[in-house]
Amino acid sequence: MPERGGDKLVLAYSGGLDTSVAIRWLKEKGWDVVALTIDLGEKKDLDAIQERALEIGATAAYVVDGKTQFLRHFVWPSLQTGAVYEKEYPLATALGRPLIAAMLVEIARREGANGIAHGCTGKGNDQVRFDVTTAALAPDLQVVAPVREWGMNRDDEIEYAREHGIAVPATSESPYSTDENLWGRSIEAGVLENPWEEPPREVYEWTQDPRECPDEPTYIEIGFKQGLPVSLDGAEMDAVRLVETLNKAGGAQGVGRIDHLENRLIGIKSREIYEAPAAVLLLQAHQALEDITLTKDVARFKDVVAQQWAQMVYDGLWFSPLREALYAFVAHTQRHVTGEVRLKLFKGSSMVVGRKSPEQLYRLELATYGRGDQFDQSAAAGFIKLWGMGVRTASEVQGQLHSLDLAGLLGGEVKRLTS
């Protein structure tokens, strides 16, 4: 990257190794660096991070509380959608990146900056999320990614930080790279890069080892209104408090550990460890409530939408016309997803043990086999005759079906008794 003179960048600053080194490195290249740290629920010492940015060389350092915006505008729509990447990953980091990128753009406008910068590696997905979001919201801004350009590996960065007196929370002895927000915590690098190795105990911070969890289960009841969680155990809660409470409750029972060998957008496979107690519980509860309130065809098509949504979010396309159009469908489906779900948490597992809704499509008088059964069984024979008419006609006219060799299905010895 050529030397700069007098140009300004707004850097997404986490306080970690990559972005701390990036401040000094960008400054050496002639950039005026403004640091932006966004609190999405990481429980870091934000004052210390802000001061560290200035000590390293940033000319200004912003700290923004983005927890409510994160849940309301990014997590909740994805929860309503039921989006889970490759059936395992609740998209915690992927959902945080478009918000951070949007805030970078806003601060860049306020500061009169020429561009934004991030600490993403050229191997990862986050670089795409930052770059594409910036292109969507502010195509005139330049995007600078020092980690893609400086040619240092992680050990080199640690040495660079030591030589320049930069205090960072990473060492060669503890090489894990982590990212966390309210929706989940991700851990990678170190021994985790061997997919055969069981994750060591020290990588987990949010979740208790299931072997050490209480010997009695925990029951929780989550209330939803139009697909959004609004209460816990009958008490109304704001979004941030509800997620924080579920993270603690789920973590205490070892719920939310995910070991995922995922397909990154750029074409490589990566082993990621996630802790996401609240996400796992809320997705499970929301699905249970949809099971009792959505019609069969809507629910099945919504699964297709959820898969498409998860792929787009993972691939950095939150700010895209298709994602917005899909949400119009999702929002319509959530009009009747109101009610309560009861979950049982026990030693690393969670299961739905109850669900109810004032608009549920489950009707006891139709489902029961006991007293009160109002199902018209006389209608079944005619329905089945019409339902099977196509295969009956094909068998009678073309013969492929009734001409199959069924004797082979009986296998070997057949026992027959007579009276």
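Residues numbered from 1 in each chain as written. Predicted model: local features only at pLDDT ≥ 70, side-chain atom pairs only at ≥ 80, totals over all residues. Heavy atoms only, no water.

> If you had to explain the nonpolar core to someone new, which residues and values would you point to?
In a soluble, globular protein the nonpolar side chains are often hidden away together inside. Ranked by size, the top nonpolar core spans 72 residues in total, and within it Phe70, Leu91, Trp183, Ile222, Leu246, Leu282 and Leu343 carry the most contacts. A total of 11 residues in this core trace back to one element, the largest contributor, which is helix H4 (residues 92–111). With sequence-adjacent residues up to four places away left out, Leu282 is seen in contact with Trp76, Leu79, Trp183, Ile222, Phe224, Pro229, Leu242, Val243 and Leu246. Residues Val21, Leu26, Leu46 and Ile56 belong to the second largest nonpolar core, which totals 27 residues. (Core = buried A, V, L, I, M, F, W, Y, C linked by side-chain atoms within 4.5 Å. Buried < 20%, exposed > 50% of the residue type's maximum accessible area, 1.4 Å probe, protein only. Helix = DSSP H or I, 4+ residues; strand = E, 2+ residues; numbered from the N terminus. Contact = heavy atoms within 4.5 Å.)

> Describe a negative patch on the surface, with residues and values.
Negative charge collects at one region of the surface, where Asp45, Asp47, Glu51 and Glu55 lie side by side. As for its position among the elements, Glu51 is in helix H2 (residues 46–56). (Patch = residues over 30% accessible without salt bridge, like charges linked within 9 Å, V, L, I, M, F, W, Y side chains within 5 Å. Areas by Shrake-Rupley, 256 points an atom, 1.4 Å probe, with all protein chains shown as cover. Salt bridge = Lys/Arg side-chain N within 4 Å of Asp/Glu carboxyl O. Lys, Arg positive; Asp, Glu negative; His and termini not counted. Charge placed at Lys NZ, Arg CZ, Asp CG, Glu CD.)

> Give me the sheet that holds strand E5 (residues 142–144): which residues, what numbers.
Sheet architecture is open: five strands sit in the order E3-E2-E1-E4-E5, paired in parallel fashion. The open sheet has two free edges, formed respectively by strand E3 (60–65) and E5, since each of these has just one partner strand. Direction aside, neighbouring strands of the sheet carry axes that sit 25° apart on average. Relative to strand E1 (residues 8–12), helix H1 (residues 17–28) is tilted by about 170°, and along the sheet it contacts E1, strand E2 (32–39), strand E4 (115–117) and E5. (Pairing = 2+ DSSP bridges. Axes fitted to C-alpha atoms, helices over the stretch in contact; angles between N-to-C directions.)

> Describe in detail the packing of helix H3 (residues 67–81) against helix H8 (residues 239–252), supporting the description with residues and values.
Following both chains from N to C, one finds H3 and H8 inclined at 80°, their axes separated by 9 Å at the closest point. Considering the angle they form, H3 stands roughly perpendicular to H8. Residues Lys67, Thr68, Leu71 and Trp76 of H3 form the contact with H8, whose own contacting residues are Ala239, Val240 and Val243. Split into classes, the residues belonging to the contact of H3 with H8 amount to five nonpolar, one polar and one charged. (Parallel < 35°, antiparallel > 145°, perpendicular 65-115°, else oblique. Nonpolar A, V, L, I, M, F, W, Y, C, P; charged D, E, K, R; others polar.)

> Outline unusual backbone geometry, listing residues and values.
Backbone geometry places Lys43, a non-glycine residue, at a positive phi of 60°. By the element assignment, Lys43 lies in the loop between E2 and H2. With relative accessibility at 66%, the residue Lys43 sits in the exposed group. For Lys87, which is not glycine, the phi torsion reads 65° and is therefore positive. Within the secondary structure, Lys87 sits in the loop between H3 and H4. Residue Lys87 is classed as exposed on the basis of its relative accessible area, which comes to 80%.

> Requested: an account of the pattern of salt bridges, with residues and values cited.
Evaluation of the coordinates by the stated rule reveals 24 salt bridges. When the shortest N-O distance is used, the salt bridge between Asp126 and Arg129 registers 2.6 Å. You can see Asp126 and its partner Arg129 sitting in helix H5 (residues 126–137), three residues apart, about one turn around the helix. Among the residues examined, Asp126 registers a relative accessible area of 16% and is labelled buried. Note that Glu272 is salt-bridged to Arg264, the shortest N-O span being 3.0 Å. For the pair formed by Glu272 and Arg264, the shared burial category is buried. Among the ionic contacts, a cluster of salt bridges with common partners joins Arg97, Asp126, Arg129 and Asp179.

> Any chance you could break down the sheet that holds strand E9 (residues 228–232) for me, citing the residues and the numbers?
If you walk across this open sheet you meet the five strands as E10-E9-E8-E13-E14, and the pairing is antiparallel. Strand pairing shows two members of the sheet lacking a second neighbour, strand E10 (235–236) and strand E14 (349–356), which therefore form its edges. Sheet topology places strand E8 (residues 218–225) next to E9; four bridges connect them, and they run antiparallel. Its bridge partner lying in E9, Lys225 is registered against Leu228.

> I'd like a description of the environment of Val132, backed by residues and values.
With respect to the helices and strands, Val132 occurs in helix H5. Residues Val132 and Gly316, spaced 184 residues apart in sequence, show a C-alpha to C-alpha distance of 6.4 Å. Apart from residues lying up to four places away in sequence, Val132 is in contact with Gly316 and Leu317.

> So what's going on with the side chain of Thr293? Which residues, and what values?
Positionally, Thr293 belongs in helix H9 (residues 277–293). Residue Thr293 is classed as buried on the basis of its relative accessible area of 5%.

> Describe the packing of aromatic side chains, listing the residues and the values that go with them.
Across all of its chains, the model carries 11 aromatic pairs by this definition. With a centroid separation of 5.6 Å and 90° between ring planes, the pair formed by Trp309 and Trp318 is classed as edge-to-face. Residue classification places Trp318 among the buried positions, given a relative accessible area of 4%. Taking 6.1 Å as the distance between ring centres and 20° as the angle between the ring planes, the aromatic pair formed by Phe383 and Trp387 counts as stacked. With Phe383 and Trp387 both in helix H13 (residues 380–387), this residue pair falls four residues apart, about one helical turn. Residue class for Phe383 comes out exposed when judged on its relative accessible area of 52%. (Phe/Tyr/Trp six-rings, centres within 6.5 Å; stacked < 30°, edge-to-face > 60°.)

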